[in-house]
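Now for the letters of each chain:
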Amino acid sequence: MADGDTVKMKLTFWRDGKQPGDIVDVPADEAHRWKGYAEKVEAPKPTAKSASPTAAAAEQPKASK
């Protein structure tokens, strides 16, 4: 494990002066100790759609006449 590996976790119970709903950084090798107090926050998944306007226009369905 490299130095500085942390996991973002959302508290589900009070711990160390923090309230439920707070996001805390926990060392990756200590995350198992937070079970019952917090759950992992998943990284946002990239969408399949492209951000470029030309690609977005190409993806739109063509209207039939």
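Residues numbered from 1 in each chain as written. Predicted model: local features only at pLDDT ≥ 70, side-chain atom pairs only at ≥ 80, totals over all residues. Heavy atoms only, no water.

1. Re the overall build of the protein
Point 1. Along the protein, the regular secondary structure elements total one helix and three strands.
Point 2. Secondary structure of the protein in N-to-C order comes out as β-β-β-α.
Point 3. Expressed as a percentage of its 65 residues, the buried residues of the protein come to 12%.
Point 4. The contacts of the protein with a sequence gap of at least 6 include a subset with a gap of at least 24, amounting to 33%.
Point 5. Here the protein has roughly 5700 Å² of accessible surface; of this, 54% comes from carbon and sulfur atoms. (Helix = DSSP H or I, 4+ residues; strand = E, 2+ residues; numbered from the N terminus. Buried < 20%, exposed > 50% of the residue type's maximum accessible area, 1.4 Å probe, protein only. Contact = heavy atoms within 4.5 Å. Areas by Shrake-Rupley, 256 points an atom, 1.4 Å probe, with all protein chains shown as cover.)

2. Overview of the sheet that holds strand β1 (residues 6-11)
Point 1. A sheet is described by the order of its strands in space; here three strands give the open sequence β2-β1-β3, paired in antiparallel fashion. At either end of the open sheet lies a strand with only one pairing partner, and these are β2 (23-27) and β3 (38-40). Strand-to-strand, the axes of this sheet are offset by a mean angle of 45°, without reference to chain direction.
Point 2. Bridging between β1 and β3 involves three bridges; their strand directions are antiparallel. (Pairing = 2+ DSSP bridges. Axes fitted to C-alpha atoms, helices over the stretch in contact; angles between N-to-C directions.)

3. Description of the packing of aromatic side chains
Point 1. Scanning all chains against the criterion turns up two aromatic pairs.
Point 2. Geometrically, the ring pair formed by Phe13 and Trp14 is edge-to-face, given 5.7 Å between the ring centres and 75° between the ring planes.
Point 3. On the basis of relative accessible area, Trp14 is assigned to the exposed category, the value being 55%.
Point 4. Among the aromatic residues, those joined into a ring-pair cluster are Phe13, Trp14 and Tyr37.
Point 5. In this arrangement the basic side chain of Arg15 is found over the ring face of Trp34, its NZ or CZ atom lying 4.2 Å from the centre.
Point 6. Positioned above the aromatic ring of Tyr37, the side-chain terminus of Arg15 is 4.8 Å from the ring centre. (Phe/Tyr/Trp six-rings, centres within 6.5 Å; stacked < 30°, edge-to-face > 60°. Lys NZ or Arg CZ within 6 Å of the ring centre and 35° of its normal.)

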